[in-house]
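Structural characterization, general
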Amino acid sequence: MADKEHTDPERMEKIVSLCKRKGFIYQSAELYGGLNGCWDYGPLGVEMKRNLKDYWWRRHVQEREDIVGLDGSILTHQAVLTASGHVGGFSDPMCDCLLSKARLRADQIDPQSGTAYHYSGASEGEWKLEREFSVLLQEGQNENKARKTARQYYAQFHPNKSLSPKSIELTGETTSEEENTTRYNPENGSLLTEAREFNLMFKTQMGASSNEDDPNAVAYLRPETAQSIFTQYKNVLDTFRMKIPFGIAQIGKAFRNEINPRNYTFRSREFEQMEIEYFCRPEDGMRLTDEWLETRLTFYEEIGLPREKLHVLDVPDGERAHYSKKTYDIEFDFPFGCQELEGVAYRTDYDLSKHQECAGKPLEYFDETSKEKFIPHVVEPSAGCDRTILALLCEAYDEEEVPDAKGNTEIRKVMRLNPRIAPIKAAIFPLLKKNEDHVRIAREIENDLKSHMNVFYDETGAVGRRYRRQDEAGTPFCITVDFETLGEEDASLKDTVTLRHRDSMEQERVAISELLPRLLREIR
Ligand code: GAP
């Protein structure tokens, strides 16, 4: 049984640092101090993301007859998101720390117990303020800490901004014992504001003549890719003559103004989803939800996430989204704990019924065999592309002790990425960059391979160092052109190269003519 509470912050720090150093992920606008909750994928990250999306698309769209694709617009009509319930209800409870002004998700604050110190106000010379404030002290903390925190709070309102909080007198101190309260900031003990609902959608204005007061100009950046699938479902049905059960798949950006973006890319404000809305008869909804769960678990295994690190949470009644009759969360053991990777939800006929009602246009399906008309039910496997990339990076990171060229022990950092997902499939090295034959043959191999896969040519430094660089990039194969390739000492080795395997570090001789078919088999 996995330990769902286990965290490993040190490992996470190493992964974040490697991702930046090797060009997987950078913070957005780092040059200007960073844009919170937004990330840029570097040269390796973008290749990896493309590989993931391509493989998802291939498995779920191209290799199936019952699913077709869609690429909907990101800017979304407000009526669509009003009908879906996002305008009225897509919100998180949020509260602010009265002292630091930090904004917290009210439902993510761990309950605390201790003694609360309450104050009715403060004074300093002629200056007086009547305003209630409280501080929570954990057991064993000194009461002076509560007073210090309260003075800092009241000092914010003093006209003299350079006044030392120490000169402030507190008034009306009382205390109370608190059990499992979530009203105080766990970081500093300060009282929080009451929780308020905060809509997570990014709102924008459309059109050149738009102004802030024009309600007709309002549009939203989509908070999920699903809604354009629902609103285009009838067009796809009519133009493609799909027969139920069938699905529409989409990969694309979604935006949520998350209150606390955190855990690296895990909770971002801009992210990509890979979603399928699978339309079916009402009586098949539950069964297909179970089937989709298995399909998606298999997919994660195929890209390199081991089954024992994937956990299925059958989301209990009362905790599911308003539209769902059944939801499985697929969770993964990240270094920051076991967290959601994907939701497989049975959305019933909720969305299509709402759009039919709000748009006033029929969205029923006509079953030619039974001559029935009905609103299809929907099963939705909804995966996060960025979260999957993060899970793959976390799973791949490894350190091991190996002997270096002088026989001493060194630590090898290696990204054990599945070859299907690895950003660079093969690195090609001439043993000596000054040897014209080595360089010429290595360049020829690069040319042969590069129209089939992403490869990388490197001639700088000792071969051992070049291997280490590729280990950190997650490159599964390295190809070295050496003296044997020229067949000078052993004619039987002419036109062969060293093929080095990242994980085992084993090396073998392979004929140049065999390289392409061999690598294609390994990376598919
Ligand atoms: N259409 C259903 C839907 O959007 P969701 O559980 O809100 O359901 C689905 O999102 C998936 O999208 C999540 O399991 C997660 O992988 C990804 N996701 C959601 N919010 C995210 C965020 N703020 N940052 C990164 N990924 C996110």
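Details of the structure are given in the entry above.
Residues numbered from 1 in each chain as written. Predicted model: local features only at pLDDT ≥ 70, side-chain atom pairs only at ≥ 80, totals over all residues. Heavy atoms only, no water.

1. Examining the overall build of the protein chain
Scanning the protein chain for helices and strands turns up 13 helices and 28 strands. Judged by the C-alpha coordinates and their principal axes, the protein chain covers about 100 × 75 × 55 Å. A burial count over the protein chain gives 49% of its 524 residues as buried. Partitioning the contacts of the protein chain with sequence separation of at least 6, the portion at a separation of at least 24 is 66%. With an accessible surface of roughly 26300 Å², the protein chain has 47% of that area assigned to carbon and sulfur atoms. Placing the 71 positive and 93 negative side-chain charges of the protein chain at their respective mean positions leaves the two points 3 Å apart. (Helix = DSSP H or I, 4+ residues; strand = E, 2+ residues; numbered from the N terminus. Buried < 20%, exposed > 50% of the residue type's maximum accessible area, 1.4 Å probe, protein only. Contact = heavy atoms within 4.5 Å. Areas by Shrake-Rupley, 256 points an atom, 1.4 Å probe, with all protein chains shown as cover. Lys, Arg positive; Asp, Glu negative; His and termini not counted. Charge placed at Lys NZ, Arg CZ, Asp CG, Glu CD.)

2. Here's the deal with the nonpolar core
If you look at the biggest cluster of nonpolar residues, it comprises 56 residues, and the most contacted ones within it are Phe24, Tyr300 and Phe334. No other element matches helix α9 (residues 385-396), which puts 8 residues into this core. Counting 28 residues, the second largest nonpolar core, distinct from the first, contains Ile109, Ala116, Trp127 and Leu170. (Core = buried A, V, L, I, M, F, W, Y, C linked by side-chain atoms within 4.5 Å.)

3. Here we look at the site of the ligand
Near the ligand there are 20 residues, and of these Glu224, Arg256, Glu275, Glu340 and Leu341 occur at the shortest range. Within the side chain of Glu380, a nitrogen or oxygen atom sits 2.9 Å from a nitrogen atom of the ligand. Here a nitrogen atom of the ligand sits 3.4 Å away from a polar atom, N or O, in the side chain of Arg387. For the ligand, the protein covers 90% of the area, taking 550 Å² as the surface of the free molecule. At the level of secondary structure, the elements contributing two or more residues to the shell around the ligand comprise β15 (270-280), β18 (337-348) and β21 (377-384). Broken down by element, the residue count for the shell around the ligand peaks at 5 residues, all from β18. When its residues are assigned to classes, the shell around the ligand shows 5 nonpolar, 5 polar and 10 charged. (Near = heavy atom within 4 Å. Polar contact = N/O pair within 3.5 Å; in protein donor to acceptor, adjacent residues only side chain to side chain. Nonpolar A, V, L, I, M, F, W, Y, C, P; charged D, E, K, R; others polar.)

4. Some words on the pattern of salt bridges
Under the defined criterion, the tally for this structure stands at 53 salt bridges. Salt-bridge contacts for Glu272 lead to Lys53; the nearest nitrogen and oxygen are separated by 2.8 Å. In this pair, Glu272 sits in strand β15 while Lys53 sits in helix α2 (residues 43-62), placing the two residues 219 residues apart along the sequence. Within this structure, Asp398, Glu400, Glu410, Arg412, Arg416, Arg468, Asp471, Arg500, Arg502 and Asp503 form a network of salt bridges that share partners. (Salt bridge = Lys/Arg side-chain N within 4 Å of Asp/Glu carboxyl O.)

5. So, the packing of helix α10 (residues 436-450) against helix α13 (residues 512-523)
Direction vectors running N to C along α10 and α13 enclose 30°, while the axes themselves pass 11 Å from each other. Our pair here, α10 against α13, has a crossing hand that is right-handed. Each of Ile441, Ile445 and Leu449 in α10 lies in contact with α13, whose residues at this interface are Ile512, Leu515, Leu516 and Leu519. In the contact of α10 with α13, the residues fall into 7 nonpolar, no polar and no charged. (Axes fitted to C-alpha atoms, helices over the stretch in contact; angles between N-to-C directions. Left-handed = near helix turned anticlockwise from the far one by under 90°.)

6. A closer look at the packing of aromatic side chains
Following the criterion strictly, the structure yields 18 aromatic pairs and no others. Between Phe230 and Phe279 the ring centres are 6.4 Å apart and the planes differ by 85°, which places this aromatic pair in the edge-to-face class. Separated by 49 residues along the polypeptide, Phe230 in helix α6 (residues 226-240) and Phe279 in strand β15 bring together distant segments of the chain. Neither Phe230 nor Phe279 differs from the other in exposure class; each is buried. (Phe/Tyr/Trp six-rings, centres within 6.5 Å; stacked < 30°, edge-to-face > 60°.)

7. A short note on the sheet that holds strand β5 (residues 91-96)
Strand order across the open sheet formed by 3 strands is β6-β5-β11, with antiparallel pairing between neighbours. Each having just a single partner strand, β6 (103-105) and β11 (196-199) make up the two edges of the open sheet. Across the sheet, the mean angle from the axis of one strand to that of its neighbour is 50°, orientation sign disregarded. (Pairing = 2+ DSSP bridges.)

8. As for the side chain of His355
Summarising the element assignment, His355 is placed in helix α8 (residues 350-359). Sequence-distant contacts of His355, that is, excluding residues within four places in its chain, are made with Val80, Ala83, Ser84, Gln227, Phe230, Thr231, Gly360 and Leu363.

9. A word on α10
Over its 15 residues, α10 extends 21 Å from the first C-alpha to the last, a length consistent with the 21 Å expected when each residue adds 1.5 Å. The set of residues buried in α10 consists of His438, Val439, Ile441, Ala442, Ile445, Glu446 and Leu449. Residues of α10 that are buried in the fold lie against β24 (426-430), β25 (455-457), β26 (477-481), α12 (483-486), β27 (496-501) and α13. Among the residues of α10, the N-terminal cap falls to Asn435, whose side-chain oxygen and the backbone nitrogen of Asp437 are separated by 2.9 Å. (Expected span 1.5 Å × (residues − 1).)

10. A word on the sheet that holds strand β12 (residues 203-205)
Hydrogen bonds along the backbone pair up the strands of a sheet, which may run parallel or antiparallel. The antiparallel open sheet is built from 3 strands, whose spatial order is β4-β13-β12. What marks the edges here is a single partner per strand, and that holds for β4 (75-77) and β12. Each strand of the sheet is rotated relative to its neighbour by a mean of 45°, with strand direction disregarded. One ladder, built from 3 bridges, connects β4 with strand β13 (residues 218-221); its direction is antiparallel. Looking at β13, one finds that Leu75 is bridged to Leu221.

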